[in-house]
Structure formats: structure tokens, C-alpha cells
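Chain by chain, the residues:
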Amino acid sequence: MKIAGTDLVFLALATVTGTIAYVRLGPDAVLAAMLEAGSLLVLILPQLAAGLLIGGLVTRLVSKDQVARWLGGSSGLMGLAIASLAGLLTPGGPFTSFPMVYALWIAGADAGALIAFITAWSLLGFNRLIIWELPLLGLEFSVIRYLACLPLPILAGLIARWLVRWPAFRLRDPDEAQE
Amino acid sequence: MSGPLIFIWGAVAILGLLVWKREGVPGLRAGSVSALNIGRTLMLRLPLALLAASFLALIIPLEHLSRFIGPESGVLGITLAALVGGLLPGGPMASFPIAIVFMNSGAGVPQMVALIGGWSVFALHRLLAYEAPIMGWRFIALRLGSSMVLPVIAGLIADLLLGLRA
């Protein structure tokens, strides 16, 4: 197994935050956090596996040309709207949605569509609305919150398309990015 | 938890069937290999990322901030609430209970909209645990750049909606 720079970043981060937690809260708290992380990992593995498989299978089904036409750089506002709708309808947690973003990226969607997709998933996804927000924060608040967020994914997609003019925000080719 | 799980694996089965009908077993193998390749890069960093996120949730205390985001706190309160939302730890099961604490201790509705919006969009925890391992840091820079203003806009729209209703 090859160890990449990103792995070391996470190793450092886990070590630093773990040390701070240990010094401030003691070994019991650290142990509890480790157990929590472990059980979360077990919980998400089946969903992560499904997300990765969906990503892999989708790339077999849709051609690069199709995705580029619908969600590519010249897909306009319509492309952003389609991407937002797809994100809104994508169920499951981040372990499902990010593999799908990755698949769309490989398949030729542009930065604006990717951002619109993930923003719609995070702000407007039904899953969380129904399971968490409605029961815990109430109908009135949820309706106001949802309406206020409705136009935002397309806005984010437009901002992303504008930002990629600067090299710092330009996405690399998906194949080189996984280093 | 098992409802969504059945749903996604159902989607896997349907997609698998479609690929099999079109390309046969080689197509299925190619799809799985590309899934496995990403899975391999995640094998080490995902557990580490979850661990770091879990520790972070321990060491960032946020509940004390609720008095700064009351209904009278205006745009500044909305902005602060968006930031606080972004720092809320964990998935919905960890952060919604904290959101309730804020709501009950006097946060305004537009501020709460910005807080939930900030949690949805910035989601430090999700960023560390899933986004960085899968999509890389450049994508994160682009996404944060694109969505920086969104929670504040959501709060302002909510303020407007409340004004219309009153």
C-alpha cells in the first residue's frame, strides 16, 4: 500500500487533535472518541462500498460525451439546474454523495455542475430534512429554511464557474488528482 | 439507517444489471476495479480522518456562543451563526441536538437558518472525513470559495420571508 501526502496530513491531524483532547479531557474521553470513530466506520462501510460501486458502474453506462453535453462547461444554466436536481434527489450520507461527485467528475462534468450537485445535496437533500430537521426543529422553521436555500445551489455553481478562471481554483484532471 | 442502505444497494443492483446487459461480465469487472481503486486510496485515510474529526468534536466547545446570535443580532449575527454552523461537530445525529440548544437558548430564526446552512455547506467534519480523502484539497478550495456567502444569503432570505409573513 502506498502512503500519499494526504494520508500524512490526516495522520498529523489525528495525532494533534488526539493529544489536545488527551491533555484537556483525559484518557477516557479519548477512548470514547476512538470508539465512536470506530463504530462510525463500521456503520458507513456498507454505504461507502455501495457509493463507490455506483460511481464505478455509472462510468460504464454513460459516455463522457453525454455527461459533457448535459453537465459540461458549456451546459449553461440548464446544466446547473440538472446537477442541482440530481444532488437534491441523491439519498444517503457523504459516503454516498462524494463517490458520486467523483464519478461525475471522471465522467466529464465541469466544476460548476459538481459544485451545484454537492451544494444541492447538502442544503436541500430530502434525507436529512425528513429524518432530522422536521422532527427536531419543526415544520415552520424547516419550510423557511428550505425556501431560503432553494436558489443557492445554482448560485454556487455560477460562482464556481467564475472562480475557475483563477489557476488556484482550477480542478486538475481527475486521474492526476488521486496522488 | 437500514432504509437508505437498502435503497442504495438496490441502486447498485439495478446499475449492475444494466451494465451486465450491455457489456456482460467484463463491464461489471471494469466497474468494480475502478471502485476498488478509489477504495484502496481511502483505506488508510478514512479511518484517520474519522478519528481526527471525532477528536475535533471533543475539543471545540460551541454552546457558549448562543447569546451572540439572537434575533436582534442582524447581519453580523447571521454571519457568526453561519461560521458556528460550519464548526458544529459530526453528522446530523451530533449536530442537530446542539442546534436545538441554540434555538432554545434564544437564537433568531434567520440566524438559525444561517447556522443550519453553514453546517450543511461548510461542514468541517464532513470535509475532513470524506471530502478531502475522496475529492482532494483543490476541490475543497473551489467548493468553499463558491459557497462562502451562501449561508449568509440564506439567512437574509429567511429574514425577508419572515418580514413578508408578518
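Refer to the structure printed above.
Here's a quick rundown of the structure. (Residues numbered from 1 in each chain as written. Chains lettered and ligands numbered in written order. Predicted model: local features only at pLDDT ≥ 70, side-chain atom pairs only at ≥ 80, totals over all residues. Heavy atoms only, no water.)

### Regarding the interface of chain A and chain B
Argument step 1. Taken residue by residue, the interface counts 85 residues in chain A and 77 residues in chain B.
Argument step 2. Taking both partners together, chain A and chain B bury about 7500 Å²; carbon and sulfur atoms supply 80% of that area.
Argument step 3. Here A:Arg60 and B:Glu23 are joined by a salt bridge, their closest N and O atoms 3.0 Å apart.
Argument step 4. The interface formed by chain A and chain B holds five residue pairs in polar contact (both at pLDDT 80 or more) in total.
Argument step 5. Top element by residues in the side of chain A that touches chain B is helix α1 (residues 5–61) of chain A. It accounts for 37 residues.
Argument step 6. Residue composition of the side of chain A that touches chain B, grouped by class: 64 nonpolar, 10 polar and 11 charged. (Contact = heavy atoms within 4.5 Å. Buried area = accessible area lost by both parts, 1.4 Å probe. Salt bridge = Lys/Arg side-chain N within 4 Å of Asp/Glu carboxyl O. Polar contact = N/O pair within 3.5 Å; in protein donor to acceptor, adjacent residues only side chain to side chain. Helix = DSSP H or I, 4+ residues; strand = E, 2+ residues; numbered from the N terminus. Nonpolar A, V, L, I, M, F, W, Y, C, P; charged D, E, K, R; others polar.)

### Here we look at empty space enclosed by the protein
The gaps of empty space that remain are located by a probe, the size of a water molecule, rolled over the atoms.
Argument step 1. Inspection of every chain in the model, using the stated rule, returns two cavities of 30 Å³ or more.
Argument step 2. What the second largest cavity holds in volume is close to 40 Å³.
Argument step 3. Only α1 and α4 (94–107) of chain A together with α1 (2–59) of chain B provide two or more residues apiece to the lining of the second largest cavity.
Argument step 4. Per-class residue counts for the lining of the second largest cavity are six nonpolar, four polar and no charged. (1 Å grid on protein atoms, 1.4 Å probe; cavity = no way out; pocket = protein on both sides within 12 Å on 5 of 7 lines; lining within 4 Å. Points joined across faces, edges and corners; volume = space filled by probe spheres on them.)

### Brief notes about the side chain of B:Ser146
Argument step 1. As for its position among the elements, B:Ser146 is in helix α6 (residues 137–147).
Argument step 2. Residue contacts for B:Ser146: discarding those within four places in its chain leaves A:Ile115, A:Ala156, A:Ile159, A:Ala160 and A:Leu163.

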